Amino acid sequence: MACDPKIANRLKRAEGQIRGILKMMDDDKSCREIMPQLMAVRSSVDKVMGVVVAENLRRCLDEDDTQHDEKLEEALKMISKL
């Protein structure tokens with residue numbers, strides 16, 4: 001799968017957030033300060049997952065082949081794991 005620049009930017013932002021969280025832990029910040037950052041990273045990654053699955057589903061439905069049902073089922077399985 002080719003990496004869309006918007007997805008790459010979201011992942012880079014999440015990577016930066018994780019580095020920030022590691023620094024906070026090294027600086028002995030409290031759980032109260034760290035948890036919102038962890039939740040933000042999780043939310044960011046969840047959004048990326050949704051975009052990836054939606055794009056995959058869109059591509060599957062746009063393709064002209066006889067395996068639509070199989071590909072749709074695969075995409076729905078990915079969505080259910082979210």
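Structural data are supplied above this passage.
Not measured: the values here are computed from a predicted model.

1. Some remarks on the overall build of the protein chain
On a plain count of helices and strands, the protein chain comes out with three helices and zero strands. Counting helices and strands in the order they occur from the N terminus, the protein chain gives α-α-α. For the protein chain, the C-alpha radius of gyration of 17 Å lies well beyond 12 Å, the compact-globule estimate for 82 residues. Each principal axis of the C-alpha distribution contributes one length, and for the protein chain these read about 55 × 25 × 10 Å.

2. A few points about the pattern of salt bridges
What the rule picks out here adds up to two salt bridges. As a salt-bridge pair, R19 and E15 come within 3.0 Å of each other at their nearest N and O atoms. Of this pair, R19 and E15 both sit in helix α1 (residues 5-26), separated by four residues, roughly a single helical turn. We classify R19 as exposed; its relative accessible area is 55%. Taking the relative accessible area as the measure of exposure, E15 reaches 39% and is therefore partly exposed. Where K23 meets D27, a salt bridge forms, and the shortest distance between an N and an O atom there is 2.8 Å.

3. Examining the environment of Q37
Looking at the element boundaries, Q37 is found in helix α2 (residues 31-62). Given a relative accessible area of 32%, Q37 falls into the partly exposed group. As a C-alpha pair, Q37 and Q17 span 20 residues in sequence and 7.1 Å in three-dimensional space. Q37 has contacts with I21 and M24, leaving out every residue within four places of it along the chain.

4. Things to note about the side chain of S44
Within the element layout of this structure, S44 appears in helix α2. The buried category is assigned to S44, whose relative accessible area is 13%. Leaving out residues up to four positions away in the same chain, S44 has contacts with R10, A14 and Q17.

5. Let's talk about a positive patch on the surface
A contiguous patch of positive charge on the surface is contributed by K6, R10, R13 and K47. It is α1 that provides the largest number of residues to the positive patch, a total of three residues. By the secondary structure assignment, R10 is in helix α1.

6. Concerning unusual backbone geometry
For D28, which is not glycine, the phi torsion reads 60° and is therefore positive. For D28, the location among the structural elements is in the loop between α1 and α2.

The rules behind these values
- Residues numbered from 1 in each chain as written.
- Predicted model: local features only at pLDDT ≥ 70, side-chain atom pairs only at ≥ 80, totals over all residues.
- Heavy atoms only, no water.
- Helix = DSSP H or I, 4+ residues; strand = E, 2+ residues; numbered from the N terminus.
- Rg over C-alpha atoms; globule rule 2.2 N^0.38 Å.
- Salt bridge = Lys/Arg side-chain N within 4 Å of Asp/Glu carboxyl O.
- Buried < 20%, exposed > 50% of the residue type's maximum accessible area, 1.4 Å probe, protein only.
- Contact = heavy atoms within 4.5 Å.
- Patch = residues over 30% accessible without salt bridge, like charges linked within 9 Å, V, L, I, M, F, W, Y side chains within 5 Å.
- Areas by Shrake-Rupley, 256 points an atom, 1.4 Å probe, with all protein chains shown as cover.
- Lys, Arg positive; Asp, Glu negative; His and termini not counted.
- Charge placed at Lys NZ, Arg CZ, Asp CG, Glu CD.

Nothing here speaks to function; it is geometry throughout.
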